[in-house]
Structures are given as C-alpha cells and as structure tokens.
Amino acid sequence: MTHPDVNHNELDIRGLCCTLWQGKKWIAGSALVFVLLAWLSSLLMTPKWSTTAVTDRPTVNMLSSYYSQQQFLDNLDYRASQSAVLPPSVMDEAYQEFVMQLSAYDTRREFWLQTDYFKQRQSGNVGEDAALLDELIANIQYQPADAVKNLNDSVRLVAETAKEANTLLRQYVAFASQRAATHLNEELTGAWAAKTTQLKAQVKRQEAVAKAIYDRQVNSVQQALKIAQQQGFEQAKTDTPSEQLPDSELFMLGRPLLQARLENLQASGPSYDLDYDQNRAMLATLNVGPTLVKTFQTYRYLRTPEEPVKRDSPRRLFLMIMWGAVGALTGAGIALARRKRK
C-alpha cells in the first residue's frame, strides 16, 4: 500500500539550494544592509579603552622619614608589651592603608569629582550627573591579591580614549597614595601624642615611687640618729652590716656613721633604676614631636600603566560579522517566503 503524503515530508535539498540561489540578491542585500547598520551603530557607541596597574608594598626609601618615626613608635610598643610576636613591618602597614584607599568607594568618588574628565561631561542635570558619576566609579575596578594564584593587587580603569585611560589611572593611583599618606600621618601624630602622654605618666609614677622610698630612708636615718644622740652612741654597738639591720636598730651604728649616712642621702637625693633613665631619654625625643612629610609613596609599581593598544568596545569587526550573518539569514528567510507564495 502506498502513502502519497510521504514525498511531501521529505526535505528537498536541491530545491532549497535552488531557491536560495534564486534569492541570492535578497541574501546579499540583507547582509550588506545589516553590516552597514552595525558599522553606523558602532560609530555612535561610546568607545571604551582600559589599562591596568599592578602594585606591591613600597621600599624603605619610598616612605621617607615616616619609616624611621613609625619604626621608633613600634619599637616602643614592642618593648613595653614584651611580646614574642613581632609587629608588622612599617612597609606592610603603609601598603595596607594604600590598598584600603585604592579599593574604597569614597576614594574613587572623590577622585572623579576633582577631575576635568568628569567636569567636562556634566550636563547640569542632577540625576544625569549622578548616574554619570556612578558609571565612572564603576569604571575603576580593584582586584585583590591572590597568593594561591600568585597574583598581586591590581586596578583597572576604563575611559573613552587610550591616552585618558593611561593618564587617569596614573592620577588615581597617586591620589589613593596621597590619601593613604595623609591618614598615616594622622595616625602617626595621634600615636605620638598618646605615647608621649603615656610615658610622661610613667615617668611621674617612677619619680613618685623613688621619692617615697627616699623619704622613708631619710626619715629612718633621722630617727636612728636622734636615738643614737640621746643614748650617746659615738661608736657602733653591733658587728652586723648596716644593710642587714632593720630600721628599728639603725641607731646601733653610732652617731658619726648615721650622720654621714644622712648627709650622703641628702646630697645624692632619690635613686632611680635603668628603666627610669631610658624613659626620660625616650620622653625627651617624644617631646620634640614628629616631623611629618606630607607626600611619600605608599606603593611601588610591578606593572606601570601604559596606553592600551586594543579597544575594549565597540568591537566593530565582530559586530559587522555577527550582524552580517543575521542579515544573511534574514535574506534567506525572505527568499524562502517569496518562493513559497509563488
């Protein structure tokens, strides 16, 4: 038994190719129109160029005098705490502050607000300017370091031209470094003042303790001398060394020895230990105050920003090829639809 509908369900490859060949003008024309439209639209799109910088912690000489002064405070804290754990290096502390500023939203916002790049693109409309500022803030992208992948900290900036991308990224890194330096100087000043106050209080406590001990010693010798004079002890009445005698029996040393001891105490005054002398020396240094350097570099480049050689968008050739293919398919559909109607 034959089925007449079977032939209608078969794909006629030869007929399809002939139909497409006959409608080649539609296919080529549609492809050309779409290519032209893609090219024109790419001319209207805002171009985007991006460049990248890779950074690492600074060297000692980059931190200028900030290094020596911060190291001085760190040594004081380490000596006072008597901890076995060493504090982070000054370079690490400075770089951590730089990375914090580099990735901060406020840093990016303040940077764009003071650039001519943003000011030239302002329209005067509050909403549009706010949207533009948000877009520019998003155009600065920070990528944190990854020790597992052996990647350092990096920052990427997108602008409308290659030259602007390079210039703006260099300016942004310098801007973040300056903000970090300002914050580090403020922390240094605050820590310096706190350490000065703390050391002054410690020195006063040591002086108070030494004065109390001195007054007690003078009073003991005076009372012993008074008793020795009343008893008429002109010679020592004991063979025990004076250091081993309790205060209640000092009179047995005799009047001449006690008188000499009292004069020696009055001449020498209170006695202090080595820690007191060290604290006084440290306090004299702290009283001078820190010498702040307003600008110092809190980073070093591992990859210096350069002008990009390839544009990120629009990718004109890709768009023309893609939309040319779409146009060709559209033309093929038109050709097939016209053949079907015929």
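So, a few notes on the structure that sits alongside this text. (Residues numbered from 1 in each chain as written. Predicted model: local features only at pLDDT ≥ 70, side-chain atom pairs only at ≥ 80, totals over all residues. Heavy atoms only, no water.)

1. Looking at the overall build of the protein chain
Secondary structure summary: the protein chain contains 12 helices and four strands in total. Taking all 342 residues of the protein chain together, 31% fall into the buried category. When contacts within the protein chain are restricted to residue pairs at least 6 apart in sequence, those whose partners lie at least 24 apart make up 80%. Of the roughly 21600 Å² of accessible surface on the protein chain, 55% is carried by carbon and sulfur atoms. (Helix = DSSP H or I, 4+ residues; strand = E, 2+ residues; numbered from the N terminus. Buried < 20%, exposed > 50% of the residue type's maximum accessible area, 1.4 Å probe, protein only. Contact = heavy atoms within 4.5 Å. Areas by Shrake-Rupley, 256 points an atom, 1.4 Å probe, with all protein chains shown as cover.)

2. Overview of the side chain of Ser154
Note that Ser154 resides in strand β3 (residues 153-159). Residue contacts for Ser154: discarding those within four places in its chain leaves Thr52, Ala53, Val54, Gln141, Tyr142 and Gln143.

3. A look at the pairing of β3
Most of β3 sits inside the fold, with six of its seven residues counted as buried. Judged from the seven bridges that link them, strand β1 (residues 49-56) and β3 form a sheet pairing that is antiparallel. Bridge pairing links Thr52 to Arg156 in β3. Relative to β3, strand β2 (residues 140-143) runs antiparallel, the two sharing four bridges. Looking at β3, one finds that Ile140 is bridged to Leu157. (Pairing = 2+ DSSP bridges.)

4. A few points about the environment of Ala332
Mapped onto the fold, Ala332 is located in helix α12 (residues 316-341). Each C-alpha atom, one on Ala332 and one on Ala31, is 9.8 Å from the other, the two residues being 301 residues apart in sequence.

5. Observations regarding the pattern of salt bridges
Overall, the coordinates contain eight salt bridges when judged by the stated rule. Here Lys211 makes a salt bridge to Asp215, at a shortest N to O gap of 3.0 Å. In this pair, Lys211 and Asp215 are both assigned in helix α9 (residues 162-231), four residues apart and thus about one turn of the helix distant. Here the salt bridges do not stand alone but share partners, grouping Arg121, Glu160 and Glu164 into one network. (Salt bridge = Lys/Arg side-chain N within 4 Å of Asp/Glu carboxyl O.)

6. A closer look at the packing of helix α6 (residues 105-113) against helix α8 (residues 126-138)
Packed helices, taken two at a time, are described by the angle their axes make and the gap between the axes. Contact geometry of α6 with α8 gives a least axis separation of 9 Å together with a crossing angle of 120 degrees. For the element pair α6 / α8, the angle class is oblique. The crossing of α6 and α8 is right-handed. Contacts between α6 and α8 involve Tyr105, Arg108, Arg109, Trp112 and Leu113 from the first element and Leu133, Asp134, Leu136 and Ile137 from the second. Broken down by class, the residue content of the contact of α6 with α8 amounts to six nonpolar, no polar and three charged. (Axes fitted to C-alpha atoms, helices over the stretch in contact; angles between N-to-C directions. Parallel < 35°, antiparallel > 145°, perpendicular 65-115°, else oblique. Left-handed = near helix turned anticlockwise from the far one by under 90°. Nonpolar A, V, L, I, M, F, W, Y, C, P; charged D, E, K, R; others polar.)

7. Looking at the nonpolar core
One finds Phe98, Trp112 and Val155 to be the most contacted residues of the largest nonpolar core, which totals 25 residues. When contributions to this core are tallied by element, the ones reaching two or more residues are α5 (90-103), α6, α7 (116-119), α8, β3 and α9. With seven residues, α9 is the single largest residue contributor to this core. Those residues in contact with Phe98 that lie beyond four places of it in its chain are Thr55, Val173, Ala176, Ser177, Ala180, Thr298 and Tyr299. In terms of nonpolar packing, the next biggest core, distinct from the first, is built from 18 residues, Val90, Ala181, Trp192 and Val203 among them. (Core = buried A, V, L, I, M, F, W, Y, C linked by side-chain atoms within 4.5 Å.)

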